[in-house]
Amino acid sequence: MKILIAGGAGYIGSVLIPKLLERGYDVSVIDLFWFGNHLPGEVSVLRKDIFDLEVGDVKGYETVIFLAGLSNDPMAEFSPSKNFVYNAAAPAYLGYIAKKGGVHRFIYAGSCSVYGYTVNELYDETSPAVSNYPYGISKLQGEQAVIQMKDKDFSVIAFRQGTVSGYSPRMRLDLVVNTMFKTALIEKTITVNNPSIWRPVLGIQDAASAYIRAIEANGDISGIFNIASGNYTVGEIGDLVRNGIREHLKIDVRLAINHIQDYRNYKVSIDKARKVLSFHPKQDVESIVKDLVANLDKFKDFDNPRYYNIQVFRTLEKPEKTAK
Ligand SMILES: NC(=O)c1ccc[n+]([C@@H]2O[C@H](COP(=O)([O-])OP(=O)(O)OC[C@H]3O[C@@H](n4cnc5c(N)ncnc54)[C@H](O)[C@@H]3O)[C@@H](O)[C@H]2O)c1
């Protein structure tokens, strides 16, 4: 089966793709390679913007996956107009040409950020999605654009992913667990900006299994799915990272607790993904920390700008006046 992955050279794609090759899939990637190429040599890669693809380019693929765009709030706020183009228009365009080209399934990497600020309720896919910030708004727009294209011949599976964490060959140190892990090792302190807010955390191995479940799901399945390994308060994440570092690296780290207002606070139910996709996460913050420790030698150059999306993006884009 042939699979085309836009943005496949990123953090999630670099873990997912080796697993797809292992299962015998024929994988092609189109990507702008903002963060380099860490993919196995047998993957066919094309340096291209999604907007330069045409219907002919997607013909013959069974599944097309969108893993591209601006993948966090700082990038979105640095360049709000690019954010809406790459996060809302690009998946819409890719979905449109995929459907026109006879592709059978489209998988979209959305985000739990669409839930914005909620008050202590467990949100499922029918709960209101209201975000006031460029990243959350654009991820919802991308989702709406692709989900409304679904029909009996074109399956659309749209994920709302929690914050992904863990080791990837294309490493990111700007994601909550990874960031705490890195600062703990550099500063011997974990700073928790607000201990009471909730975040769904998604271990990167669990993220890869979610995509595999979606690729292999029955052809008539479509829909929006929350995907997470578990819900945690940020205060608890801090404790678990500290305990993991003490246990596995024998290093004592202190916690610095602040009470800074955050505009994102949500916890999600993954019942639908369990029931419909057979998605059963195996990771938790403890196992994510263990995974980071096991791979530490591969990302010890903590100040490599490639580990921080906004640092690379700043060199590619000029800030917009509206961003301030
Ligand atoms: N990592 C997370 O915690 C997380 C959580 C929720 C949702 N998501 C979503 O999952 C997707 C993948 O996340 P990631 O962490 O792997 O991202 P990433 O930033 O590591 O990778 C994104 C990749 O997309 C490429 N790209 C961007 N725009 C492109 C375009 N127009 N054409 C071709 N290539 C383009 C970049 O070069 C990069 O290789 C994103 O859509 C992100 O919004 C990520």
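Provided above is the structure to which this section pertains.
The following refers to the structure shown. (Residues numbered from 1 in each chain as written. Predicted model: local features only at pLDDT ≥ 70, side-chain atom pairs only at ≥ 80, totals over all residues. Heavy atoms only, no water.)

Now for the site of the ligand. Within the structure, the ligand sits among 32 residues, and Asp-31, Ala-68, Ser-71, Tyr-135 and Arg-172 are positioned closest to it. In this structure, Ile-12 approaches the ligand through a main-chain N or O atom, which is 2.9 Å from an oxygen atom. Within the backbone of Val-164, a nitrogen or oxygen atom sits 2.8 Å from an oxygen atom of the ligand. Starting from 830 Å² of accessible surface for the ligand in isolation, the protein chains cover 99%. At the level of secondary structure, the elements contributing two or more residues to the shell around the ligand comprise strand 5 (105-111), helix 5 (134-147) and strand 8 (163-165). At three residues, strand 5 tops the list of elements feeding residues into the shell around the ligand. The residue makeup of the shell around the ligand, split by class, is 16 nonpolar, ten polar and six charged. (Near = heavy atom within 4 Å. Polar contact = N/O pair within 3.5 Å; in protein donor to acceptor, adjacent residues only side chain to side chain. Areas by Shrake-Rupley, 256 points an atom, 1.4 Å probe, with all protein chains shown as cover. Helix = DSSP H or I, 4+ residues; strand = E, 2+ residues; numbered from the N terminus. Nonpolar A, V, L, I, M, F, W, Y, C, P; charged D, E, K, R; others polar.)

A few words now on the environment of Val-176. By secondary structure assignment, the location of Val-176 is in helix 6 (residues 176-187). Sequence separation between Val-176 and Asp-262 is 86 residues; the distance between their C-alpha atoms is 14 Å. With sequence-adjacent residues up to four places away left out, Val-176 is seen in contact with Thr-163, Ser-165 and Ile-237. (Contact = heavy atoms within 4.5 Å.)

Okay, the environment of Ile-260 next. With respect to the element layout, Ile-260 can be found in the loop between strand 13 (254-257) and strand 14 (265-268). On the accessibility criterion, Ile-260 (46% relative accessible area) is partly exposed. Along the backbone, Ile-260 and Gly-219 are 41 residues apart, and their C-alpha atoms lie at a distance of 45 Å. Not counting residues up to four positions away in its chain, the partners in contact with Ile-260 are Asn-193 and Asn-194. (Buried < 20%, exposed > 50% of the residue type's maximum accessible area, 1.4 Å probe, protein only.)

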